[in-house]
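# Close look at the chain arrangement
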Amino acid sequence: MNWNPANSVLGTRLLKAILLFSSLITLIMTAVVLFADYRRDIAEVESGLDQIKASYSDSLSLGIWSYDTSQIDSILKGILNFPAVEYVTLISEEAEYKQGKIPDGKAFQVETFPLTKTRDGIQYKLGEVHVALNYEKIYDQLKSKGFYILGTQFLKTVIVSLFILFMVHQLITRHLVDLSKYAEVLGPENLSGRFSLKRNDSTKDELSTVVKSLDELRVRLSEDMQKRLEAETRLLESEARLNVALQAAELGLLEFKGMNEDPFMNSHFILQVQGNELDPLKQIAHGWFSKMDMNERVDLKQSIEDLKSGGVSRFTKDIRIENEDGSSTFFTVMAVSREVRGQEENNVLMAFLDISESIQIRNQINQINESLQRQVEDKSEQLTVSQKNLQMTLDRLSNTIDEMKGMQNKLVMNEKMAAVGKLVAGLAHEMNTPLGNCLTSISGVQTLVAQLQEVLASKSVKKSEMERIVKTVTEYTDISLANINRASELVRTFKELSTDDSGEDLGEFDITANIRDLVGTYQNTCRNKYIRIQLELPDELSVITFREPLNRVLSHLLENVIAHAFDKDTQMTRTGEEKRLTIGLSAISNHIRITVSDNGHGIPEDEEGSLFEAFHTTNRMQGGIGLGLYICYNLTTQVLKGQIDYKTKQGEGTTFTLEIPRELESSIAAEAEASS
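What counts, and at which threshold
- Once a new chain begins, its residue numbering starts again from 1 and follows that chain's sequence as written.
- Reporting in this predicted model follows two pLDDT cut-offs: at least 70 for local features of residues, and 80 or more for side-chain atom pairs to be given and counted; totals over whole chains, interfaces and linings ignore these cut-offs and use all residues.
- Note that water and hydrogens are dropped before the side-chain values are worked out from all heavy atoms of the structure.
- Helical segments are the DSSP runs of H or I of at least four residues, strand segments are the runs of E of at least two, and each set is numbered from the N terminus.
- To sort residues, take the accessible area from a 1.4 Å probe on protein chains only and compare it with the maximum for the residue type: under 20% means buried, over 50% means exposed, and anything in between is partly exposed.
- Any pair of residues with heavy atoms lying within 4.5 Å of one another is described as a contacting pair.
- We define a nonpolar core as any set of buried Ala, Val, Leu, Ile, Met, Phe, Trp, Tyr and Cys residues linked to one another through side-chain atoms lying within 4.5 Å.
- Take a side-chain nitrogen of Lys or Arg and a carboxyl oxygen of Asp or Glu: if they are within 4 Å of each other, that pair is a salt bridge.
- In short, DSSP must find at least two bridges between two strands for them to pair.
- Working rule for helices: expected span equals 1.5 Å times residues minus one.
- The directions from the helix axis to the C-beta atoms are what the arc is built from.
- To count toward a patch, a residue needs a relative accessible area above 30% and no salt bridge. Like charges then connect within 9 Å, nonpolar side chains (Val, Leu, Ile, Met, Phe, Trp, Tyr) within 5 Å.
- With residues, only the protein chains shown are counted as cover, and all accessible areas are computed by Shrake-Rupley using a 1.4 Å probe.
- Note on geometry: axes are lines fitted to C-alpha atoms, helical ones only across the stretch in contact, with angles between N-to-C directions running from 0 to 180 degrees.
- To sort the angles, those under 35 degrees are grouped as roughly parallel, those over 145 as roughly antiparallel, those from 65 to 115 as roughly perpendicular, and the leftovers as oblique.
- Here a crossing is called left-handed whenever its near helix is offset anticlockwise from the far helix by less than a right angle, and right-handed whenever the offset is clockwise.
- Under the convention adopted here, Pro, Cys and the residues Ala, Val, Leu, Ile, Met, Phe, Trp and Tyr are nonpolar, Asp, Glu, Lys and Arg are charged, and Gly plus all remaining residues are polar.
- A residue's pLDDT is the confidence the predictor assigns to it, expressed on a 0 to 100 scale.
- The criterion for an aromatic pair is that two Phe, Tyr or Trp rings (for Trp, the six-membered ring) have centres within 6.5 Å, with stacked assigned to planes under 30 degrees apart, edge-to-face to planes over 60 apart and tilted to the rest.
- By definition, being over a ring means that NZ of Lys or CZ of Arg is both within 6 Å of the ring centre and within 35 degrees of the ring normal.

## Let's talk about the overall build of the protein chain
- Counting secondary structure elements, the protein chain contains 14 helices and 16 strands.
- The proportion of buried residues among the 676 residues of the protein chain is 32%.
- Long-range pairs, those at least 24 residues apart, make up 61% of the contacts in the protein chain between residues at least 6 apart in sequence.

What follows is the structure in structure tokens.
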């Protein structure tokens, strides 16, 4: 294809834009260059004037002073050699000297400076020098240079623009023309042809991307057209099936269309609603519409008008139509609007569902509900009577429960009295032996005192007899003192059974430090019995409880381990292990847990059931009275508001576990609140 720039609108616009922009830039740059040259030339002229004034003033003054005409002419000729100087004259009182030609143009300027001579301190004015400067040459040079620059730049711009335009045509424009021609013939019926660029190279550039995108668009359009044809086919099939379905539907369907179109009715509507009247329902007041109640008719007409105007999008109503035989048919009418392009009013599609059977069922249900209501009322009266009888039974049960509570309190009191009786009996039994021994010893002492009185009365006292009596009295005295101490220890231990700690206030303390201090008092005893104490305690643990009752419980537990857990006078356990007493402490929620463990021979099975009973001991022959663990149990449960338990295994040892509240005051308050 031949290239003609005049036929390319895009090329012409590009050429104009390049020429306009290049011309503007050329004018600006030319003006800048010419202005710079003008400033430089003016500066040279001004510099020449300054040089004339500085270099020639004294020489001219000397020439006038000495009347040296040749020197003055020579100097004036030299001044003519300066830039823009075309005429110079020197005017003195005696003569006037001229060199050059007076310029006749408008662009000239005359500069004047005086000539003086100083002699003996007096300054004499000798004359004046007039220098005529002509700027025409400078302006002419600037004009010539400007025209030259503009001409050369314009020629270069035109050549470059034409070259750019040619390249744009070769690379872009001609392909765009081909692309536009391809697009003109491209259509739904002509999507098989593929567009390709008419060039030899296979460079990947924007045009190739456009061509690729166009080809992909063509393929997609072809696929979409195929899908559209398939969709139209399916739509036609669906419309045919829908029409069949609408005609065969159990619902009566009615659609009000535009002003000039007949309404659509399916066969079910004609048979069921219209009543075999096959008129097209242009006059809505006739046919089924006139069989409705007046109020329902007005309401339905208004709703249909709202749907047509777009005031609402759907509605559902129940209507009643009177049949010719006097019966009524009930329908639920469901209507929606359908917007049709190019039509002022919306189409209205109405579905009529026969609910006569549902109304019948609803009426039957109402009758059944009324019957049930009467039955419920009858049952309610019976329930009221039964409730009264039940209340009477509950009152009798309440009285019976009160009587049982009274009996329970009596049983608890009897158990307490029995426990107290057992405790007193045990104490009496324990006190009987030391008191009996004391009584026997004192009786023996009385007998010896009587013998001593008889010996003294006979006045025949023998030393051996006196020694025997004294020795026997001493023995009786030692026996009495030991049994009195035994009785005193029993009384002190019995006093520990009291759980009344009203003399001690609750206090906050570090239980870790308290256990360390308490265990320290048993270090020597354990060391003598070859028992190693092992502590598993946190660094610090604060509690609020009674310190003294807690220490008494721990002391009894430690003494119980020392006295009963291991065999006497042996360094090892029965299994050959080192004797070990372990005390542990940990915090569990709002409680603390203290464990006292040993690796001794354990508690015999026949002793486990009565371990916390009073006066239960296996060490009575060695002075044990069996109140230690009983005191531990009472103090733990009654004073410290906690629990104590143990686990034992023959040959492996025993562990006593003590759990008490971390803050006893809060626990007491919670217990009081729960009991109230």
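Here the narrative resumes, following the displayed structure.
## Focus: the nonpolar core
- Of all hydrophobic cores here, the largest spans 45 residues; its most connected members are Ile511, Ile515, Leu550 and Ile594.
- At the level of secondary structure, the elements contributing two or more residues to this core comprise helix 9 (511–520), helix 11 (547–564), strand 13 (580–588), strand 14 (591–598), helix 13 (628–639), strand 15 (643–649) and strand 16 (653–661).
- Sorting elements by how many residues they give to this core places helix 11 first, with 7 residues.
- Look past the residues within four positions of Ile511 in its chain and what remains in contact with it is Leu541, Val543, Leu550, Leu585, Ile592 and Ile594.
- Leu49, Val85, Phe113 and Tyr135 belong to the second largest nonpolar core, which has 25 residues in total.

## With respect to the pattern of salt bridges
- With the rule as written, the count across this model stands at 12 salt bridges.
- Between Glu128 and Lys125 there is a salt bridge whose closest N-O contact spans 3.5 Å.
- Glu322 is paired through a salt bridge with Arg320; the nearest N and O atoms lie 3.5 Å apart.
- Through salt bridges with shared partners, a single ionic network connects Asp37, Arg40, Asp41 and Lys145.

## A short note on the pairing of strand 7 (residues 314–322)
- The sheet contact formed by strand 7 and strand 8 (residues 328–338) spans 9 bridges and is antiparallel. Within strand 8, the residue paired with Ile319 across the bridge is Phe331.

## Comments concerning helix 2 (residues 69–80)
- Between its terminal C-alpha atoms helix 2 stretches 17 Å, which fits the 16 Å expected from 12 residues at 1.5 Å a residue.
- Of all the positions in helix 2, only Ile72, Ile75, Leu76, Gly78 and Ile79 are classed as buried. For helix 2, the angular spread of buried residues about the axis comes to 155°, placing them on one side.

## Considering unusual backbone geometry
- The backbone phi angle of Tyr530 is positive, close to 65°, even though this residue is not glycine.
- Residue position: Tyr530 is located in the loop between helix 10 (523–528) and strand 11 (532–536).
- Under the relative-accessibility criterion, Tyr530 is labelled partly exposed at 41%.
- Unusually for a residue other than glycine, Ser589 sits at a positive phi of about 55°.
- Mapped onto the secondary structure, Ser589 falls in the loop between strand 13 and strand 14.
- Judged by its relative accessible area of 68%, Ser589 falls in the exposed class.

## What about helix 13?
- Between its first and last C-alpha, helix 13 extends 16 Å over 12 residues, near the 16 Å set by a 1.5 Å rise per residue.
- Inspection of helix 13 places Leu629, Tyr630, Ile631, Cys632, Asn634, Leu635, Thr636 and Val639 among the buried residues, and these make up the whole buried set.
- Downstream of helix 13 by a residue or two, Lys641 has a phi angle that is positive, lying close to 55°.

## A look at a nonpolar patch on the surface
- The grouping of Val160, Phe163, Ile164, Phe166, Met167, Leu171, Ile172 and Leu176 at the surface amounts to a nonpolar patch, some 650 Å² of accessible area in total.
- Mapped onto the fold, Leu171 is located in helix 3 (residues 136–185).

## Quick look at the packing of helix 11 against helix 13
- Where helix 11 contacts helix 13, the axes come no closer than 9 Å and their chain directions differ by 150°. One way to sum up the angle between helix 11 and helix 13 is to call them roughly antiparallel. For helix 11 against helix 13, the interelement crossing comes out left-handed. Residue-level contacts link Pro549, Arg552, Val553, His556, Leu557 and Asn560 of helix 11 to Gly628, Leu629, Ile631, Cys632, Leu635, Thr636 and Val639 of helix 13.
- Partitioning the contact of helix 11 with helix 13 into residue classes produces 8 nonpolar, 4 polar and 1 charged.

## Considering the sheet that holds strand 15
- Within the open sheet, the 5 strands sit side by side as 11-13-14-16-15. Their pairing is mixed. Here the strands that pair on one side only, and so sit at the sheet edges, are strand 11 and strand 15. Averaged over neighbouring strand pairs, the angle between their axes works out to 15° when direction is ignored.

## Observations concerning the confidence of the model for the protein chain
- Mean pLDDT over the protein chain: 77, with 79% of residues reaching 70 or higher.
- Counting interchain partners and residues more than four positions distant, the pLDDT-below-50 stretch residues 277–286 has 18 contacts.

## Some remarks on the packing of aromatic side chains
- Overall, the coordinates contain 3 aromatic pairs when judged by the stated rule.
- Measuring from ring centre to ring centre gives 6.3 Å for Phe331 and Phe352, while their planes differ by 85°; the resulting arrangement is edge-to-face. Residue Phe331 is found in strand 8, and its partner Phe352 is found in strand 9 (residues 347–354); the two are separated by 21 residues along the sequence.
- Stacked on the ring of Phe509, the Lys or Arg Arg547 has its end atom at 4.3 Å from the ring centre.

## Notes on the environment of Leu541
- Residue placement: Leu541 occurs in the loop between strand 11 and strand 12 (542–545).
- For the pair Leu541 and Ile592, spaced 51 residues apart in sequence, the C-alpha to C-alpha distance is 9.1 Å.
- For Leu541, the residues in contact, after removing those within four places along its chain, are Phe509, Asp510, Ile511, Thr512, Leu585, Ser586, Ala587, Ile592 and Arg662.

## Thoughts on the side chain of Thr545
- Along the chain, Thr545 turns up in strand 12.
- When sequence neighbours within four positions are dropped, the list of residues in contact with Thr545 reads Leu506, Gly507, Phe509, Leu550, Leu640 and Leu664.

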